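# Overview (structure and organization)
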Amino acid sequence: MVRYTKEHKQETRQRIIATAGRRLKRNGIDGSGVATLMKDAGLTNGTFYAYFESKDDLVTTAVADQLRAQHANIVAQAAPGRAGLEQIIRWYFSPEQRDTIEDGCPNAALLDEIARSTEPTRQAYTDGALTLIDGFATRLAPHDPPSARLKALSLLGMMAGTLQLSRALTDRQLADQLLEQGIRNALALIDAEQGA
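These lines cover the structure that appears in this document, whether it is placed above or below. (Residues numbered from 1 in each chain as written. Predicted model: local features only at pLDDT ≥ 70, side-chain atom pairs only at ≥ 80, totals over all residues. Heavy atoms only, no water.)

### Things to note about the packing of helix H3 (residues 55-75) against helix H7 (residues 119-140)
Running from N to C, H3 and H7 point in directions that differ by 10°, and their axes come no closer than 8 Å. The pairing of H3 with H7 is recorded here as roughly parallel in orientation. For the pair formed by H3 and H7, the contact residues are Asp56, Val59, Thr60, Val63, Ala64, Leu67, Gln70, His71 and Val75 on the first element and Pro120, Thr121, Ala124, Tyr125, Gly128, Ala129, Thr131, Leu132, Gly135, Phe136 and Arg139 on the second. In terms of residue class, the contact of H3 with H7 is built from eleven nonpolar, seven polar and two charged. (Axes fitted to C-alpha atoms, helices over the stretch in contact; angles between N-to-C directions. Helix = DSSP H or I, 4+ residues; strand = E, 2+ residues; numbered from the N terminus. Parallel < 35°, antiparallel > 145°, perpendicular 65-115°, else oblique. Contact = heavy atoms within 4.5 Å. Nonpolar A, V, L, I, M, F, W, Y, C, P; charged D, E, K, R; others polar.)

Written as structure tokens, this is what we have:
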């Protein structure tokens with residue numbers, strides 16, 4: 001029997017989480033079975049329970065990982081202040097972001113299913129979403145981020161909903177126009193007076 005190092009086990013676990021995150025965003029939580037998720041990671045079904053207690057455990061972990069990655073790779077990398085928020089908004093409402101669901105925003109891809117998920121999954125989502133909105137709020141009000149938290153939450157909701165709608169439209173021109181309008185709406189929201 002082969003014994004794997006802790007590092008190998010952690011790398012394998014992370015591979016499962018990352019590939020599951022992509023598959024969940026592409027096919028949804030209900031549309032992604034354990035067999036498919038493990039096949040994506042290049043592993044057998046039998047090894048699943050060596051890493052996770054249940055599919056819900058993997059979903060919760062993958063949702064948290066996807067939001068953490070979005071924060072680290074997009075929000076945390078953006079410039080400070082309004083310029084950084086505009087960078088985030090323009091990236092978010094790009095046709096590439098809309099068209100590559102598996103590499104895109106977990107909010108727009110999974111929000112409707114997360115609302116019907118287990119409490120731990122919903123909590124993992126809430127924690128990740130709060131990290132994102134805190135990154136937005138810091139750029140909206142650098143000297144008093146808590147004052148901008150509700151506005152940042154509204155911005156995230158508007159962005160996710162607009163992207164979801166753009167993905168659902170079959171008329172590509174209309175979907176592109178919606179993304180452009182989303183940029184204008186988001187910029188108008190961040191430029192509106194605080195507390196208005």
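### A closer look at H3
With 21 residues, H3 extends 29 Å from end C-alpha to end C-alpha; this agrees with the ideal 30 Å at 1.5 Å per step. Among the residues making up H3, those that are buried are Leu58, Val59, Thr60, Thr61, Ala62, Val63, Asp65, Gln66, Leu67, Gln70 and Val75. Those residues of H3 hidden inside the fold are in contact with helix H1 (6-27), helix H2 (34-40), helix H4 (81-92), helix H6 (106-114) and H7. (Expected span 1.5 Å × (residues − 1). Buried < 20%, exposed > 50% of the residue type's maximum accessible area, 1.4 Å probe, protein only.)

### Things to note about helix H9 (residues 172-191)
Taking 1.5 Å as the rise per residue, H9 with 20 residues should run 28 Å; its terminal C-alpha atoms sit 29 Å apart, in good agreement. Along H9, the positions that sit buried rather than exposed are Ala175, Leu179, Gly182, Ile183, Ala186, Leu187 and Ile190. In a view along the axis of H9, the buried residues occupy a sector of 125°, so they form one face of it. Contact partners of the buried residues in H9: H4, helix H5 (95-99), H7 and helix H8 (149-168). Two or three places before Gln173, at the opening of H9, Asp171 has a side-chain oxygen 3.0 Å from that residue's backbone nitrogen. (Arc of directions from axis to C-beta. Polar contact = N/O pair within 3.5 Å; in protein donor to acceptor, adjacent residues only side chain to side chain.)

### As for the environment of Asp99
By the secondary structure assignment, Asp99 is in helix H5. Counting along the chain gives 39 residues from Asp99 to Thr138, while the straight-line C-alpha distance between them is 29 Å.

### Observations concerning the packing of aromatic side chains
Throughout the structure, instances matching the rule amount to four aromatic pairs. Judged by centre distance (5.9 Å) and plane angle (65°), the rings of Trp91 and Tyr92 are edge-to-face. (Phe/Tyr/Trp six-rings, centres within 6.5 Å; stacked < 30°, edge-to-face > 60°.)

### Structural notes on the pattern of salt bridges
Overall, the coordinates contain twelve salt bridges when judged by the stated rule. With a closest N to O distance of 2.9 Å, Glu86 and Arg90 form a salt bridge. Of the two residues, Glu86 and Arg90 both sit in helix H4, four residues apart, roughly one turn of that helix. A relative accessible area of 22% places Glu86 in the partly exposed class. Here Arg172 and Asp176 are joined by a salt bridge, their closest N and O atoms 3.7 Å apart. Placement of the pair is Arg172 and Asp176 together in helix H9, with a separation of four residues, close to one helical turn. Asp176 sits in the partly exposed class, given a relative accessible area of 28%. Among the ionic contacts, a cluster of salt bridges with common partners joins Arg82, Glu86, Arg90 and Asp191. (Salt bridge = Lys/Arg side-chain N within 4 Å of Asp/Glu carboxyl O.)

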